[in-house]
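Here's the letter readout for the chains.
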Number of protein chains: 2
Amino acid sequence: MGFNQTEEQALVIGIDGGGSKCRATIYAADDSVLGTGVAGRANPLYGLTHTFDSISRATELALQDAGLKAGDGKTMVAGVGLAGVNVAHLYQAIKAWQHPFAEMYVTTDLHTACIGAHKGGDGAVIITGTGSCGYAHVGEQSLSLGGHGFALGDKGSGAWLGLQAAQQVLLDLDGFGPATQLTERLLEHFKVNDAMGIVEHLAGKSSGCYATLARTVLSCAQAQDEVAKAIVVEGAEYISALAHKLFEIHPPRFSMIGGLAEPLAPWLDKRVVDKISPILAPPELGAAYFARQQLGFSS
Amino acid sequence: MGFNQTEEQALVIGIDGGGSKCRATIYAADDSVLGTGVAGRANPLYGLTHTFDSISRATELALQDAGLKAGDGKTMVAGVGLAGVNVAHLYQAIKAWQHPFAEMYVTTDLHTACIGAHKGGDGAVIITGTGSCGYAHVGEQSLSLGGHGFALGDKGSGAWLGLQAAQQVLLDLDGFGPATQLTERLLEHFKVNDAMGIVEHLAGKSSGCYATLARTVLSCAQAQDEVAKAIVVEGAEYISALAHKLFEIHPPRFSMIGGLAEPLAPWLDKRVVDKISPILAPPELGAAYFARQQLGFSS
């Protein structure tokens, strides 16, 4: 593929960093995708070097995918959404980075997800995947809730459901009950016979590992297991409360994003579910819109 | 210092591995201490190489402290208490280690703590420090409860109290209440102004870091803060339940060990507190007794 100078200057790279992967997409002025690259985790809270490496790697792969040269990023503007950039010293460190772009605009991953979901318009989003958090942007107002990470917060997320389940199962196996179907399911899941077997598979593991248990918790809750139900109800109540707090600033649109958004829906407050609209664009395009907004282009 | 061959052969090294440090003590036949060494964490669940390094280092320091040569460990029998050795593959890996002793006998850190607490006799112990767990040994019967580690279990431990407090404070700061004195105390503790400041200090940190918050939680509970009280009451109820389950096999003696044993006592079931006896010897001496028992010596 070849581009003339004007076309290349109009290209924007949208980058969505996250706790498990980093995705970079190169967009033309009409939002069409020229190339995409995916690299490892990019969460500044867990390491800046790794974050920068993942952004660079995802960008290289996207350039390659678009048939461009490795150095061509230097001619493009990048929009980047990252967790933890609301922490002042991390934001400063990221701003100081010798990035491989003509210009780089950084904001929270929640902000870019929200811009994407509503194609640049005002609105609110809740993300419930491995973690959970909420964000709303209306005029000059914005509101960011939750997203404190595993195991500090992220109630109602996949990792939170998995951790609660493992805690209950370990209490049950020690005879501190209450008895729950989750015990047999988790022993099967890890192919072990006792509490230490479960501990061995979970001790020191990442949130992603705990999140693999979320479907089991939801299926036991659906099968009316009281312990699993109590966990899912508590998580869903938090997500509903998160939504109602976002609604207080009257976002005109609301979307739910992430792998748990759909399976959690039956457990959420009906007034929340009724307001859900589909997302209009992915977070990387939201990041690209953000960069264009910063440049003064319309989105 | 100098020892003749017979004296040296009677020396036993008692080693207590743990999540934050590893302590080795060289004992003469009359239990007098010849030298002590302390090294870093020795928890096989979080890494075997590190565990072996810590055991070797603590031993070297103990030999040095006793005025012995680095290689003299090779002439001595060691008793070692370690977490996680009830996991089959870890036990096998530890048994296969080319250890620096004449002979090495390994059991759980709970077992050696219990042998120490009751000077070789039957009894029960609960450990509540950074983590929490319970163990009882009566005749041929033994019972091991809890000790599943942060953040899976260890209810009522310092790390658990700290994590619960941080979770409640982050909910409070997001407006999901209930309001609690803990919020101001934790913001002061970390010298920060908001939720992200707390997250920055705790994200990905070890159980020891969370446990530094335990005293704050206990003092807020004592000052009748409802949120702190609910946390401490839930933790103390678990520790009391742990004790009652250990009492089911009728241990003739019961001790509580660890930095939280004393401050938690006012919150425990009075029937549990009434049964507490002081420990008679430290876990390292328990480990030395264990080695002598395995050798067929009386302790």
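Definitions and cut-offs
- In this numbering scheme, every chain counts its residues from 1 along its sequence in written order.
- Note on labels: chains are lettered from A, ligands numbered from 1, in written order.
- Under the rules for a predicted model, residues below a pLDDT of 70 receive no local features and side-chain atom pairs below 80 are neither given nor counted, while totals for whole chains, interfaces and linings still include all residues.
- Hydrogen atoms and water are omitted, and side-chain values are computed over all heavy atoms in the structure.
- Two cysteine sulfurs form what is called a disulfide whenever their separation falls within 2.5 Å.
- Two residues qualify as a contact provided that any one of their heavy atoms is within 4.5 Å of a heavy atom in the partner residue.
- Note on definitions: buried area is the accessible-area loss of two parts on being combined, 1.4 Å probe, summed for both.
- For this document, the term salt bridge refers to a Lys or Arg side-chain nitrogen within 4 Å of an Asp or Glu carboxyl oxygen.
- A 3.5 Å cut-off defines polar contacts: any pair of N or O atoms within that distance qualifies, except that in protein one atom must be a possible hydrogen donor and the other a possible acceptor, and neighbouring residues in sequence count only when both atoms are side-chain atoms.
- Amino acids outside the nonpolar list (Ala, Val, Leu, Ile, Met, Phe, Trp, Tyr, Cys, Pro) and the charged list (Asp, Glu, Lys, Arg) are all regarded as polar, and Gly is one of them.
- Here the copies are superposed with least squares, the fitted atoms being C-alpha atoms of residues at a pLDDT of at least 70 in both.
- Per the convention used, a helix needs a DSSP run of H or I reaching at least four residues, while a strand needs a run of E reaching at least two, with both numbered from the N terminus.
- By this rule, a helix spans an expected 1.5 Å times one less than how many residues it contains.
- Categorising residues by exposure relies on relative accessible area from a 1.4 Å probe, with only protein chains included: less than 20% of the type maximum marks a residue as buried, more than 50% marks it as exposed, and the intermediate range marks it as partly exposed.
- This arc is taken over the directions from the axis of the helix to the C-beta atoms.
- UniProt positions are given in the numbering used here, feature names are shortened, and annotations may be inferred rather than shown by experiment.
- We score Asp and Glu as negative and Lys and Arg as positive, and we do not count His or the chain ends.
- Here a pair means two rings of Phe, Tyr or Trp (six-membered ring of Trp) with centres within 6.5 Å. Their orientation is stacked below 30 degrees between planes, edge-to-face above 60, and tilted elsewhere.
- At least two DSSP bridges between two strands are required for those strands to pair.
- Only the stretch in contact is used when fitting a helix axis, every axis being a line fitted to C-alpha atoms; angles between N-to-C directions are given from 0 to 180 degrees.
- Domain delimitation in this document rests on an assignment produced automatically or drawn from a domain database.

Engineer: Whenever I open this one, the state of the cysteines confuses me. Can you help?
Structural biologist: As used here, a disulfide is simply a covalent bond connecting the sulfur atoms of two cysteines. Tallying each qualifying case throughout the model produces 0 disulfides over all chains. With no disulfide of its own, A:C133 lies 11 Å from the sulfur of A:C114, the closest cysteine sulfur.

Engineer: For this particular structure, what's the right way to read the interface of chain A and chain B?
Structural biologist: When the parts of a complex come together, some accessible area is lost, and that lost area is often taken as the interface size. Opposite the 33 residues of chain A that make contact, chain B presents 33 residues. Here chain A packs against chain B, burying approximately 2,900 Å² in sum over the two surfaces, 70% of which is carbon and sulfur. Counting across the interface, chain A meets chain B through 0 salt bridges. Taken together, chain A and chain B are joined by 8 residue pairs in polar contact (both at pLDDT 80 or more). Considering only residue class, the side of chain A that touches chain B consists of 20 nonpolar, 9 polar and 4 charged.

Engineer: Any chance you could explain the relation of the copies chain A and chain B here in plain terms?
Structural biologist: The operation relating the two chain copies consists of a rotation about an axis and a shift along that axis. Expressed as a screw operation, the relation of chain A to chain B combines 0.0 Å of axial shift with a rotation of 180°, fitting to an RMSD of 0.1 Å. Interpreted geometrically, this transformation is the action of a two-fold axis. Relative to the rotation axis, the closest C-alpha in chain A is found at A:A151, a distance of 3.6 Å. Looking at chain A, 100% of its interface residues are interface residues in chain B too, so the copies touch through the same face.

Engineer: Would you explain helix α2 (residues 48-65) of chain B in this entry?
Structural biologist: Given 3.6 residues per helical turn, the α-helix brings residues three or four places apart onto the same face. All names here are of chain B. The end-to-end C-alpha separation of α2 is 26 Å, in line with the 26 Å expected for 18 residues at 1.5 Å each. Among the residues making up α2, those that are buried are T51, F52, S54, I55, A58, T59, A62 and L63. Seen from one end, α2 has its buried residues packed into an arc of 165°, which puts them on one side. For α2, exposure combined with an orientation more than 90 degrees from the buried face picks out T49 and Q64. Elements in contact with the buried residues of α2: β1 (12-16), β2 (22-27), β3 (33-39), β4 (77-82) and α3 (88-95).

Engineer: What should I look at first to understand the environment of A:Y289 in this one?
Structural biologist: Residue and element names in this part refer to chain A. Relative to the elements of secondary structure, Y289 occurs in helix α13 (residues 283-295). Taking the C-alpha atoms as reference points, Y289 and G79, 210 residues apart in sequence, are found 7.5 Å from one another. Within the local environment of Y289, its side chain forms a polar contact with the side chain of D31, the two groups lying 2.7 Å apart.

Engineer: Teacher, can you tell me more about the pattern of salt bridges here?
Structural biologist: Side chains carrying opposite charge are able to pair once their charged atoms draw close together. Residues and elements named next belong to chain A. One pass over the full model with this rule turns up 14 salt bridges over all chains. Residue R23 is joined to E284 by a salt bridge in which the shortest nitrogen-to-oxygen separation is 3.9 Å. Of this pair, R23 sits in strand β2 (residues 22-27) while E284 is found in helix α13, placing the two residues 261 residues apart along the sequence. With a relative accessible area of 29%, R23 lands in the partly exposed category. In this structure E284 comes out as buried when scored by relative accessible area, which is 8%.

Engineer: Just checking my understanding: could you explain the UniProt feature "domain: ATPase BadF/BadG/BcrA/BcrD type" (unreviewed entry) in chain A for this structure?
Structural biologist: Annotation from UniProt places "domain: ATPase BadF/BadG/BcrA/BcrD type" (unreviewed entry) at residues 13-291 of chain A. What you have in residues 13-291 of chain A is 44% helix and 19% strand, and the ends, taken at the C-alpha atoms, are 9 Å apart.

Engineer: Which parts of the structure should I look at to understand the side chain of A:K245?
Structural biologist: As for its position among the elements, A:K245 is in helix α10 (residues 226-247). Within the buried core, A:K245 has no salt-bridge partner, and the shortest N-O distance to an opposite charge, that of A:E248, equals 4.2 Å. If we skip the residues at most four places from it in the chain, A:K245 touches A:L143, A:L145, B:D174, B:G175 and B:F176.

Engineer: Quick question: what am I supposed to make of the packing of aromatic side chains here?
Structural biologist: The description of an aromatic ring pair uses the distance of the two centres, along with the angle that the planes make with each other. Within this structure, the stated rule accounts for 8 aromatic pairs over all chains. Residues A:F150 and A:Y210 carry aromatic rings whose centres are separated by 4.8 Å and whose planes lie at 40° to one another, so their mutual orientation is tilted. Placement of the pair is A:F150 in the loop between β8 (141-146) and α5 (158-173) and A:Y210 in helix α8 (residues 207-211), with a sequence separation of 60 residues. A relative accessible area of 4% places A:Y210 in the buried class. For the pair B:F247 and B:F254, a centre-to-centre distance of 5.1 Å together with 85° between the ring planes defines the contact as edge-to-face. Like B:F247, the residue B:F254 is buried in the burial classification.

Engineer: Looking at this model, I keep getting lost on the sheet that holds β2(B). Mind explaining?
Structural biologist: Hydrogen bonds between backbone groups are what pair the strands of a sheet, and the pairing can be parallel or antiparallel. All names here are of chain B. In space, the 5 strands of this open sheet follow the order β3-β2-β1-β4-β5, with mixed pairing throughout. What marks the edges here is a single partner per strand, and that holds for β3 and β5 (103-108). Within the sheet, the average angular offset between the axes of one strand and its neighbour, ignoring direction, is 15°. Here β2 pairs with β3 via 6 bridges, running antiparallel. Within the sheet, the bridge partner assigned to A24 lies in β3 and is G37. In the packing of α2 onto the sheet, the strands contacted are β1, β2, β3 and β4, and the crossing angle to β3 comes to about 145°.

Engineer: Help me understand the sheet that holds strand β7 (residues 132-138) of chain A in this model?
Structural biologist: Residue and element names in this part refer to chain A. Taken together, the 4 strands give an open sheet; going across it, the order is β8-β7-β6-β9, and neighbouring strands pair in mixed fashion. What marks the edges here is a single partner per strand, and that holds for β8 and β9 (254-257). Averaged over all pairs of adjacent strands, the angle between strand axes in this sheet comes to 10°, irrespective of strand direction. Here β7 runs beside β8; their pairing, made up of 6 bridges, is antiparallel. Across the sheet, the residue bridging to A136 is L143, located in β8. Running over the sheet, helix α4 (residues 109-117) touches β6 (123-128), β7, β8 and β9 and is turned about 120° from β6.

Engineer: Help me out: how do you make sense of the domain arrangement of chain A in this one?
Structural biologist: Partitioning chain A into structural domains gives domain 1 (5-119 + 280-295) and domain 2 (158-252 + 262-273). Measuring from the centre of the C-alpha atoms in domain 1 of chain A to the corresponding centre in domain 2 of chain A gives 33 Å.

Engineer: Help me out: how do you make sense of the environment of B:L268 in this one?
Structural biologist: Residue and element names in this part refer to chain B. Within the element layout of this structure, L268 appears in the loop between α11 (261-264) and α12 (270-273). The class for L268 is buried, based on a relative accessible area of 8%. Residues L268 and L242, 26 residues apart in the sequence, show an inter-C-alpha distance of 11 Å. The residues touching L268, leaving out its near neighbours within four places in the chain, are A236, I239, S240, M256 and V273.

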